[in-house]
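Topology and contacts: notes
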There are 8 protein chains.
Amino acid sequence: MTEEQIRKILEEHKAGGLSSDDALRRLQSLPFEDLGFANIDHHRSLRQGFPEVIFGQGKTVEQVGRIVESMHKHDHNILITRSSAAQFERVKQIAAEAEFHEGARAVTVLKDQKTYGKGTVMVVSAGTSDMPVAEEAVVTLRVMGNSVDSLYDVGVSGLHRLLDRRERLAAARVLIVVAGMEGALPSVVGGLVAVPVIAVPTSIGYGASFNGMAALLSMLNSCASNVTVVNIDNGYGAAVVASLINRQ
Amino acid sequence: MTEEQIRKILEEHKAGGLSSDDALRRLQSLPFEDLGFANIDHHRSLRQGFPEVIFGQGKTVEQVGRIVESMHKHDHNILITRSSAAQFERVKQIAAEAEFHEGARAVTVLKDQKTYGKGTVMVVSAGTSDMPVAEEAVVTLRVMGNSVDSLYDVGVSGLHRLLDRRERLAAARVLIVVAGMEGALPSVVGGLVAVPVIAVPTSIGYGASFNGMAALLSMLNSCASNVTVVNIDNGYGAAVVASLINRQ
Amino acid sequence: MTEEQIRKILEEHKAGGLSSDDALRRLQSLPFEDLGFANIDHHRSLRQGFPEVIFGQGKTVEQVGRIVESMHKHDHNILITRSSAAQFERVKQIAAEAEFHEGARAVTVLKDQKTYGKGTVMVVSAGTSDMPVAEEAVVTLRVMGNSVDSLYDVGVSGLHRLLDRRERLAAARVLIVVAGMEGALPSVVGGLVAVPVIAVPTSIGYGASFNGMAALLSMLNSCASNVTVVNIDNGYGAAVVASLINRQ
Amino acid sequence: MTEEQIRKILEEHKAGGLSSDDALRRLQSLPFEDLGFANIDHHRSLRQGFPEVIFGQGKTVEQVGRIVESMHKHDHNILITRSSAAQFERVKQIAAEAEFHEGARAVTVLKDQKTYGKGTVMVVSAGTSDMPVAEEAVVTLRVMGNSVDSLYDVGVSGLHRLLDRRERLAAARVLIVVAGMEGALPSVVGGLVAVPVIAVPTSIGYGASFNGMAALLSMLNSCASNVTVVNIDNGYGAAVVASLINRQ
Amino acid sequence: MTEEQIRKILEEHKAGGLSSDDALRRLQSLPFEDLGFANIDHHRSLRQGFPEVIFGQGKTVEQVGRIVESMHKHDHNILITRSSAAQFERVKQIAAEAEFHEGARAVTVLKDQKTYGKGTVMVVSAGTSDMPVAEEAVVTLRVMGNSVDSLYDVGVSGLHRLLDRRERLAAARVLIVVAGMEGALPSVVGGLVAVPVIAVPTSIGYGASFNGMAALLSMLNSCASNVTVVNIDNGYGAAVVASLINRQ
Amino acid sequence: MTEEQIRKILEEHKAGGLSSDDALRRLQSLPFEDLGFANIDHHRSLRQGFPEVIFGQGKTVEQVGRIVESMHKHDHNILITRSSAAQFERVKQIAAEAEFHEGARAVTVLKDQKTYGKGTVMVVSAGTSDMPVAEEAVVTLRVMGNSVDSLYDVGVSGLHRLLDRRERLAAARVLIVVAGMEGALPSVVGGLVAVPVIAVPTSIGYGASFNGMAALLSMLNSCASNVTVVNIDNGYGAAVVASLINRQ
Amino acid sequence: MTEEQIRKILEEHKAGGLSSDDALRRLQSLPFEDLGFANIDHHRSLRQGFPEVIFGQGKTVEQVGRIVESMHKHDHNILITRSSAAQFERVKQIAAEAEFHEGARAVTVLKDQKTYGKGTVMVVSAGTSDMPVAEEAVVTLRVMGNSVDSLYDVGVSGLHRLLDRRERLAAARVLIVVAGMEGALPSVVGGLVAVPVIAVPTSIGYGASFNGMAALLSMLNSCASNVTVVNIDNGYGAAVVASLINRQ
Amino acid sequence: MTEEQIRKILEEHKAGGLSSDDALRRLQSLPFEDLGFANIDHHRSLRQGFPEVIFGQGKTVEQVGRIVESMHKHDHNILITRSSAAQFERVKQIAAEAEFHEGARAVTVLKDQKTYGKGTVMVVSAGTSDMPVAEEAVVTLRVMGNSVDSLYDVGVSGLHRLLDRRERLAAARVLIVVAGMEGALPSVVGGLVAVPVIAVPTSIGYGASFNGMAALLSMLNSCASNVTVVNIDNGYGAAVVASLINRQ
């Protein structure tokens, strides 16, 4: 489109139907996105197997329904994070293949089951209470076309559970490590592997855990230099970055 | 003394040299400590092999000198924490046997070398920069009559260094675990032993370590239930509690 | 088992049915816990009179039921912390001897009533509102085989209530001191006894108590050097450490 | 002056030299302070034995000199808080009777030695390191005409030192209690007396004392209901309020 | 009683019915409060017109009922702070003269209507939403025998409302200033009067008021040196201190 | 009135019915607001097209009703912020022209539809969840007589949406930029325009957004020097300042 | 330039020396700023009397010298904030008319003395210690072509100093109010005027002022709705916004 | 070695020189690292072109010298972060090819100049003051064998500088975005590219930047889902993770 718009201006100008001043003005005022900027490329690349994502929390059943109806026309997977059973009911009316992942609080509509990631992404979590966040990461990874392995309840005060699976850890191309309370797991896992580790602090804990602050600070200060951190409870964000790495 | 004071009052009263009212008044106004309260017992028990302790920081060379002169009359060990070379020079003039522990920033005067602890206290630290705090604990433990083992530079991102010494860890009766940055070490050590672990956060780190806050919060939220915590950089306090446990 | 696995490899190798290379590989890949590492010892020692513990909060009645069914086969005591009346009803169906400690929000199943602790653990609390946390400590101590004494409502603004019981304080081998608001009680108690004091800040208070933060900071900065601290409201953790000390 | 201004307007108006409108306008535009508002009264009452006060910190020797020269014309006491030896040298050239209180970091020029307070103000401090703040309070109290008693180094972990002097505590009409670290002393003192206690947190401590934050929060959450709090290290402010109470 | 106990021991000893050793032991073990310590005096002075106070929040209707039943035997006023309509209903069954102060969330039983305070205590509040805290102060002041004046809704962005009443402000012997949001009112009022000002931050506000933290910090940093501060929403505590000052 | 009062005093004095001393005293004690001070002028200017504003939250339906009844007698617009459907129902009974703006949680009664602002105020918001705050700003701006443009859902991770409308941005005389999460939008918008930008952080976000704290800090540290900030979620306040600027 | 570049492409294309494809490609790849986007306009408007500004702190004397040399070719005023005497010496070698404003820590080179602002900007500060920040605002305002009035040392605890100058306050078109400690001044000033007030918290204070945090929070929670806030100590930023408003 | 140790045990056992029990015991007690655990693999992979790294800060010139002497025997690159000119002088004596990167505060010894990364890593920074952190990342990336592009001083308030280079941004395989103050740059860059963005907050800023806290929170709350975060000022850590991604 943009190209055509520019060509049209150039041609009108060449043909004399447009003065230099007018051509100049029209070129200057072209809508930004029409110029083929990075965002367009960005969108294009994101669409290669990436789902269209809705943040379900705070949206009404109707709002979610309308958005899904519009998305359902394309062939991409659809992901609704922080969703509810009620939202799921509405989505299923639109897309019969929709699934509700209760643990992950997520709804998915899978249309494209191709694997885009080159290797396996492993999701490790410290305690059973961290599982909703870990599951959100797993569901997101799957809907983005990754092969996923997961390892739950391997907190650092029982190291043997973790060390016992060191081969599975070593086989991953990227790891997402989810932990609340003292948030020590990413440092320990980071020391056992030679690939990027994405740490997700959770709001699990009580007292001086301050809703995930303790775990977050712990992870930011990790002595393992292959660890980066995302926001508290942000299993989705960790999975997006892991997917990007896994496609490279 | 107190006993004698009370006996004296009782006797004077019995002998008639003291009216009931006067005896009553004098008994009520006896100095508190003379009544044999817990503090006295406390002091007594503390003196059994416990050093007399001076917090050196903020005190002048003269002040430290005067206090040591007064303490030197007794047979107890003397410990000056957060001390300096200048304070040490002054102390050596008073007590020739004084030693300066540069790493620990401590001065000791050893007079009583008896071992009071029943087992070994182990001091574990995460990084080389945590060593001043770990050394303060070690010096305090020694001067309080404990058998001490120490293990430095065993951060959680290199687990093999720690696991390799698991037998030494298991041999300790109490452990002091010193760590800055993410403060994850006490949780890991806590899971490897079945005795009390005293965690000491250090102010080592940068950025979001907030001068030890990250390590402190991490330790308070430890998933290992045999961990208690002392103040940031408080190697001395950890050693006092470890000594108390080791004597029981 | 592990021993048998290793012996089997050694024998097959000796008998010639296993090449050196294969024996090497199999030895290297043995599951970690099978090697008889510290964790096993740790578990063994923990089992000597320690209950099997479930964190009830956030678990469904069914989940708690399933875990208790599995635990009930062993002879250890069972403890469910942060539990509910509904969870208790389910547990009673499995173990008729189950008891609900409403104040402590805990369920216990007592099978082993042996006393493992060498002395008495005393639980002291500042205000009546701190009692749930204190009671959690008391129940945990009992189920772990300790002789327990308790002293409630002895806040520092009414010292006589505390000083009046100094003999009971002095008789304890370890003390747990529970306080919200300004959290001053552990420092005062610490000065009256010569044994370890485990301080538990509670979330009791309002305004600038910041859900226990004020009490926590106060305790970490205690001028009594025999005080260590656990997380806010963590009566259970304090009792575990006190039990470990009391068995030494 | 103000009175004269108003009288003059009234008289000019009466005499006919000033129309009603003009008199009105001039009365409305008189400088505020000339109207004899509360502030004036406030100043007046403050001057009854209250010193003129300079905050020395951040002021040059010359600036302090100029202010003292101007103040020295009146008969009031002069107080320079957070002062230095250099500032003192300059002040002594102006007022030979000036004194430097090194511990309190204060300079005083005493001209009015009358006692204005009705009773004794007692200053209690927890540790020797809290003394500069306590001394600032003492110097301020003296220069404001109070009878002062002081009691240092009576931290809550050694209660007998405090209880021993309960009669002196009970004799005070107001108390200022200065403490760093865990800041527990005001609560304990508050429970021993029946008069107002002004708590001053100090920045003394390390680690999780956060420059006085721990002590401040502790004092704000005091379980003793006769305690109010001033800013960290604000010995001067506490003394001003104590003086106001002591004059009532 | 205590006196009698001591006299009895003295007499038995004198009479020979008690050996010196036994007399000594019994004297040492007398209950602390029996020795006539400060706390007794404290209690005595507190009782002179001070109500017996119950913190209603978190207490059941029955608990409040039982406490009131026990208190009702004495002639002191009774005050229940943070109370509820349900608690009031129960109290009225016990004490027909009970009143419920809905704004203040307080129940009072007035038996002693004598005025103990020497002057008037003024309660000033910034906004209408701060009124519950201000009202708690007013009710407490009244039940403690003070003459009370109050001035509501005089926030600092509308100074004329405040300045207009400067005579009433100047007439008070102590002031309690209640403010949420930016907490500026105590500084302004402090500058208008020459008596102690007790500042009460409230949790009123939103966003960066952080539940009263902004107001609290503002008040602690007041540039008026006659201001002291109590905990957020602590109208009761402010009234206790004001009463103590007002009786001097 | 005031004028009359002063005139009366002047005249009585002139007429001799009032001594100079009495005239002086009466002039000094005139109620403050009667002197025609700035506040009056302030009120006057505020009334020029500014609505009378009620903060609805925490007020009962009756309270809001009574205030609106009293306001409805004047010709000014009425604005109720943080209002509810129930409050609206009551207001409509009083003022039939009342409107409820659900998104903005606001009720308006428009009587004066004149445009007072000289240009357009633009309201820009980052995400759809920030809309209630943005809408509060829009409603306030309209009721204060501004021409308003708005641009929603132009977060900084999709710059083209923003750059595309740069002409509309450039046309505004003042901008209000509303953003939660990382709060980056005001800096970006600030760099695109040459007029004042008022930044409104919102409490939208989760985890380390700390209820708007992250956005607030981000905005205060803006690298664009034409940005000032109001409290979290304070769309109303931003609109008041924007209106003041737009009238100049 | 840009225009010429585009015209040149258009003409070459029209003349046939450039194919449509080549013209298209060249138009698409033109440097962004050449397209006449908002930033250019922004820069243009900023240049109308706005100085070129250097943040001096952290820059070497040479770096500042080189930047000033380059700027000195234009006719705009030059402003160096957070500058030093050493930087000033270097600047004077380049621009003889340079001035050093010691209080404001700023260097100015005035070339354009035209007044661009429509009215007066008033700078009000609470204490003498806040003056460096206030002076930075004043210098910035002057160099940006504003008429400036200033009023220092009018803290809220001495209201008469402020009220006395209410006419000068009322005469300003915008106000900048600078305050440390409790930061109450902007609320008070905001209530006295009917124009925008820009509040600047300063890092002045001690203890719980937390380097300006207390003042910042206070200002964000202002009950005066015409107040917006900039970063702590940001006198420069406040002056930029005030200048923008003053030119409208 | 390990292999040989195990083989030796196996052979001794096979040969009969070692009983089954002894072989078992020796196998169980082999040093942990000798068993070929993940850490070894980890080290191996890290060595493939990864430098040996020393944290220079806090180390003496001698300590750094000794470590470099030991490292210099291998063929790996050497990197000293947070280093000094004095440390560099010592290193140059050992390794003549050493270079000092003043901006980055780093010393490198390059021996292996092979490129290991598959694409380009781009380092983007917001302001000139953020450059030391950005340079640390660049030096680390180079010494780890990456092709590096960098783009400095492209803060979000001047978007054209950034948008102008969008093609270079789009060409990167991973991006490191360094920003202080409001930390908004990673969100903006994240929206322009489709690859992982590692955000590094810096401690640059003043006032409410709280030494990088504002930037850190901003980045953790990024609305761009391809952003992860490392510790404040941790340019080194960001480069390690970027290198790991770039090799995949």
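One structure accompanies this document, and this report is about it. Predicted, not measured: the structure shown is a model, and the values here were computed from it. (Residues numbered from 1 in each chain as written. Chains lettered and ligands numbered in written order. Predicted model: local features only at pLDDT ≥ 70, side-chain atom pairs only at ≥ 80, totals over all residues. Heavy atoms only, no water.)

Let's shift gears to the sheet that holds strand S3 (residues 99-101) of chain D. Residue and element names in this part refer to chain D. What the 4 strands build is an open sheet, ordered S1-S2-S4-S3; its pairing is mixed. Both edges of this open sheet fall to strand S1 (52-55) and S3, since each of them pairs with a single strand only. Here the strands of the sheet are splayed against their neighbours by 20 degrees on average, with no regard to which way each runs. Looking at chain direction, strand S2 (residues 78-81) and strand S4 (residues 106-109) are connected through 3 bridges and run antiparallel. The residue bridging Ile 80 from the neighbouring strand is Val 107, located in S4. (Pairing = 2+ DSSP bridges. Helix = DSSP H or I, 4+ residues; strand = E, 2+ residues; numbered from the N terminus. Axes fitted to C-alpha atoms, helices over the stretch in contact; angles between N-to-C directions.)

With that out of the way, let us pick up the relation of the copies chain A and chain H. For the match of chain A to chain H, the screw axis carries a shift of 0.2 Å, the RMSD comes to 0.4 Å, and the turn is 179 degrees. In symmetry terms, the pair is related by a two-fold rotation axis. For chain A, the minimum C-alpha distance to the rotation axis belongs to Val229(A) and amounts to 2.4 Å. Of the residues that chain A buries at the interface, 97% are likewise interface residues in chain H, meaning the two copies contact each other through the same surface. (Least-squares fit on C-alpha atoms with pLDDT ≥ 70 in both. Contact = heavy atoms within 4.5 Å.)

Attention shifts here to the interface of chain B and chain C. Every contact between the two is made by 36 residues of chain B and, on the other side, 36 residues of chain C. For the chain B and chain C pair, buried surface summed over both sides reaches about 3,100 Å², with 63% attributable to carbon and sulfur atoms. Across the contact surface, chain B and chain C share 0 salt bridges. Linking chain B with chain C are 6 residue pairs in polar contact (both at pLDDT 80 or more). Mapped onto the side of chain B that touches chain C, the elements with two or more residues apiece are helix H3 (38-47), helix H9 (185-192), helix H10 (213-220), strand S9 (227-229) and helix H11 (235-247) of chain B. Taken together, the residues of the side of chain B that touches chain C break down into 22 nonpolar, 12 polar and 2 charged. (Buried area = accessible area lost by both parts, 1.4 Å probe. Salt bridge = Lys/Arg side-chain N within 4 Å of Asp/Glu carboxyl O. Polar contact = N/O pair within 3.5 Å; in protein donor to acceptor, adjacent residues only side chain to side chain. Nonpolar A, V, L, I, M, F, W, Y, C, P; charged D, E, K, R; others polar.)

Looking now at the relation of the copies chain B and chain C. When chain B is brought onto chain C, the operation consists of a screw motion whose angular component is 180 degrees and whose axial shift is 0.1 Å, with 0.3 Å RMSD remaining. A share of 100% of the interface residues of chain B reappears at the interface of chain C, consistent with the copies meeting face to face through the same patch.

Turning next to helix H5 (residues 85-94) of chain B. All names here are of chain B. Those residues of H5 lying buried are Gln 87, Phe 88, Val 91 and Ile 94. Seen end-on, H5 carries its buried residues on one side only, within an arc spanning 110 degrees. Summarising the contacts, the buried residues of H5 are in contact with helix H4 (61-71), strand S2 (78-81), strand S3 (99-101) and strand S4 (106-109). (Buried < 20%, exposed > 50% of the residue type's maximum accessible area, 1.4 Å probe, protein only. Arc of directions from axis to C-beta.)

In this section: the nonpolar core. The biggest cluster of nonpolar side chains holds 272 residues, and the ones touching the most others in it are Leu175(B), Leu175(C), Leu175(D), Leu175(E), Leu175(F), Leu175(G) and Leu175(H). Contact partners of Leu175(E), with chain neighbours within four places excluded, come to Met122(E), Val124(E), Leu169(E), Val189(E), Val193(E), Val195(E), Pro196(E), Val197(E) and Ile198(E). (Core = buried A, V, L, I, M, F, W, Y, C linked by side-chain atoms within 4.5 Å.)

Take the packing of helix H4 (residues 61-71) of chain A against helix H5 (residues 85-94) of chain A next. Residues and elements named next belong to chain A. For the pair H4 and H5, interaxial distance at closest approach is 9 Å and the crossing angle is 30 degrees. Comparing their axes, H5 and H4 come out roughly parallel. Relative to H5, the crossing made by H4 is right-handed. Residues Val 61, Val 64, Gly 65, Val 68 and Glu 69 of H4 form the contact with H5, whose own contacting residues are Ala 86, Gln 87, Arg 90, Val 91 and Ile 94. (Parallel < 35°, antiparallel > 145°, perpendicular 65-115°, else oblique. Left-handed = near helix turned anticlockwise from the far one by under 90°.)

As a further point, take the pairing of strand S8 (residues 197-201) of chain D. Residue and element names in this part refer to chain D. For S8, a buried count of 5 out of 5 residues is recorded, marking the element as mostly surrounded by other parts of the structure. Of the two faces of S8, the one lined by Val 197, Ala 199 and Pro 201 and the one lined by Ile 198 and Val 200 are each fully buried. Relative to S8, strand S7 (residues 174-179) is paired through 5 bridges, and the arrangement is parallel. Within the sheet, the bridge partner assigned to Ile 176 lies in S8 and is Ile 198. With helix H9 (residues 185-192) bridging S7 and the parallel S8, this β-α-β connection has right-handed handedness. Here 3 bridges tie S8 to strand S9 (residues 227-229), and the two strands are oriented parallel to one another. In the sheet register, Ala 199 faces S9, and the bridge partner there is Val 229. Handedness of the crossover joining S8 and S9 through helix H10 (residues 213-220): right-handed. (Right-handed = clockwise from strand over helix to strand, strands pointing away.)

Any link to function would need more than the numbers given here.
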